[in-house]
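# Remarks on the overall topology
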Amino acid sequence: MGLIVRERERFERTDVPELSPRRNLVGAIVAVSALVATAVVVMLAWNRASLESRMGDHSLSDALASQASSASPTEGYVKTENEVDSTLLLTSDSLDAGGTLTDARILSVNVTAGTATLVSVPVDVAVTVDDQSMTLSELFSSQGYAACVAPLGRASGIYFDNVVLATGDVLEEAAQLAGSGTENLVSSASGFLSKIRTNMDAPGLLSFAETLSSIGVANLTAVDAPVVAETAADEAGNVVETGRQALDRTQLGVAIGRFAAV
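Here's what I pulled together on the structure shown here. Keep in mind that what you see is a predicted model, and the values were worked out from it rather than measured. (Residues numbered from 1 in each chain as written. Predicted model: local features only at pLDDT ≥ 70, side-chain atom pairs only at ≥ 80, totals over all residues. Heavy atoms only, no water.)

## Details of the pattern of salt bridges
Throughout the structure, instances matching the rule amount to five salt bridges. For R105, the salt bridge is made with D169, and the minimal N-O distance between the two is 3.3 Å. Placement of R105 in strand 3 (residues 101–110) and of D169 in the loop between strand 7 (162–166) and helix 5 (171–175) is noted, with a sequence separation of 64 residues between them. Assessed through its relative accessible area of 10%, R105 is described here as buried. Here K195 ties to E173 by a salt bridge, and the two come within 2.9 Å at their closest N and O atoms. Linking K195 in the loop between helix 7 (190–193) and strand 8 (196–198) with E173 in helix 5, this pair joins segments that are 22 residues apart in sequence. A residue is classified by how much of its surface remains accessible, and E173, at 25% relative accessible area, is partly exposed. Each member of the salt-bridge network shares a partner with another, and the members are D103, R105 and D169. (Salt bridge = Lys/Arg side-chain N within 4 Å of Asp/Glu carboxyl O. Helix = DSSP H or I, 4+ residues; strand = E, 2+ residues; numbered from the N terminus. Buried < 20%, exposed > 50% of the residue type's maximum accessible area, 1.4 Å probe, protein only.)

## Describing the sheet that holds strand 2 (residues 84–92)
A sheet is described by the order of its strands in space; here six strands give the open sequence 8-7-2-3-4-9, paired in mixed fashion. Edge positions in the sheet fall to strand 8 and strand 9 (221–224), since each has one partner strand and no second. Sheet twist, expressed as the average angle between the axes of neighbouring strands with direction ignored, equals 20°. On top of the sheet, helix 3 (residues 136–143) reaches strand 2, strand 3 and strand 7; it is set at about 110° to strand 3, its chief contact. (Pairing = 2+ DSSP bridges. Axes fitted to C-alpha atoms, helices over the stretch in contact; angles between N-to-C directions. Contact = heavy atoms within 4.5 Å.)

## Focus on the environment of V186
Within the fold, V186 resides in helix 6 (residues 185–188). A relative accessible area of 8% places V186 in the buried class.

## Regarding helix 2 (residues 58–65)
The set of residues buried in helix 2 consists of L60, A63 and L64. All buried residues of helix 2 lie within an arc of 100° about the axis, which places them on one face of the element. Residues of helix 2 that are exposed and point more than 90 degrees away from the buried face comprise H58, D62 and A65. (Arc of directions from axis to C-beta.)

## Let's talk about the nonpolar core
With 33 residues, the main nonpolar core has L88, L90, V121, L136, V149, L152 and F160 as its most contacted residues. When residues of this core are traced back to their parent elements, those giving at least two are helix 2, strand 2, strand 3, strand 4 (115–121), strand 5 (126–129), helix 3, helix 4 (149–156) and strand 7. Leaving out residues up to four positions away in the same chain, L90 has contacts with L101, D103, A104, F140, Y145, C148, V164, L165 and A166. Listed in part, the 28 residues of the second largest apolar core include L171, A174, L206 and A209. (Core = buried A, V, L, I, M, F, W, Y, C linked by side-chain atoms within 4.5 Å.)

## A short note on the environment of A261
Here A261 shows up in strand 12 (residues 259–261). Judged by its relative accessible area of 57%, A261 falls in the exposed class. Along the backbone, A261 and Y77 are 184 residues apart, and their C-alpha atoms lie at a distance of 4.3 Å. Those residues in contact with A261, other than ones at most four positions away along the chain, are G76 and Y77.

## What about helix 8 (residues 202–215)?
Taking 1.5 Å per residue, 14 residues should reach 20 Å; helix 8 reaches 20 Å between its end C-alpha atoms and fits that length. If you check which residues of helix 8 are buried, you get A202, L205, L206, F208, A209, L212 and I215. Between a side-chain oxygen at the N-terminus of helix 8 and the backbone nitrogen of G204 the separation is 2.8 Å; the capping residue is D201. (Expected span 1.5 Å × (residues − 1). Polar contact = N/O pair within 3.5 Å; in protein donor to acceptor, adjacent residues only side chain to side chain.)

Scope: geometric values only; no functional claims are made or implied.
Shown next, in the form of structure tokens:
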């Protein structure tokens with residue numbers, strides 16, 4: 001008697017969920033979203049670090065520390081008792097190496113009198129580096145912004161307390177930082193920080209802003225730096241003009257309130 005082989009009937013289980021045809025699509029979207037979120041976090045962190053690095057510039061701090069003391073007045077002038085703080089303001093088309101110096105100014109705040117003078121310095125003014133005379137703009141292009149601090153300090157007779165390198169005139173924006181907190185400075189002033197480099201840290205920058213705000217940018221006394229013809233000894237020992245301009249240190253000291261005639 002032959003065996004009757006019966007095929008086992010197949011039944012679909014109702015307790016096993018069906019795989020959705022959109023499962024792979026959803027997974028891909030989740031993965032892409034995670035990658036985008038990670039990229040955004042990394043970008044924000046990098047941007048914050050980049051903005052924070054615009055403050056406390058070590059090369060500028062080192063340049064300020066290398067300065068000599070401020071100059072004494074010539075005969076007929078004396079030092080005043082005024083407390084004067086000076087900030088060097090350099091403007092360039094780039095905050096990185098290889099930029100071109102487009103403007104140089106000295107902001108001197110007479111703390112004693114509660115006034116401030118904004119001195120425009122010609123970018124072709126003569127400075128001396130390693131006994132070699134060159135223009136300020138040539139020094140900026142060849143050696144960078146930090147290299148300009150000490151030589152211009154010697155040429156002007158002014159000891160700089162701070163330096164700000166910027167891509168434009170940022171004094172108004174700086175004054176508007178007054179009242180900000182150090183903790184949220186990077187987030188609240190990202191536009192301003194993206195335009196500058198400075199030796200000042202956050203508290204120092206806010207102190208600078210408070211000073212500007214209290215005086216008022218509109219109340220700054222704007223003057224041109226007094227200049228004289230640069231002279232040097234030729235091969236025969238004769239004093240001749242070089243064709244460049246040099247800063248008149250005594251008259252510049254008078255302009256910012258450090259010196260006075262007797």
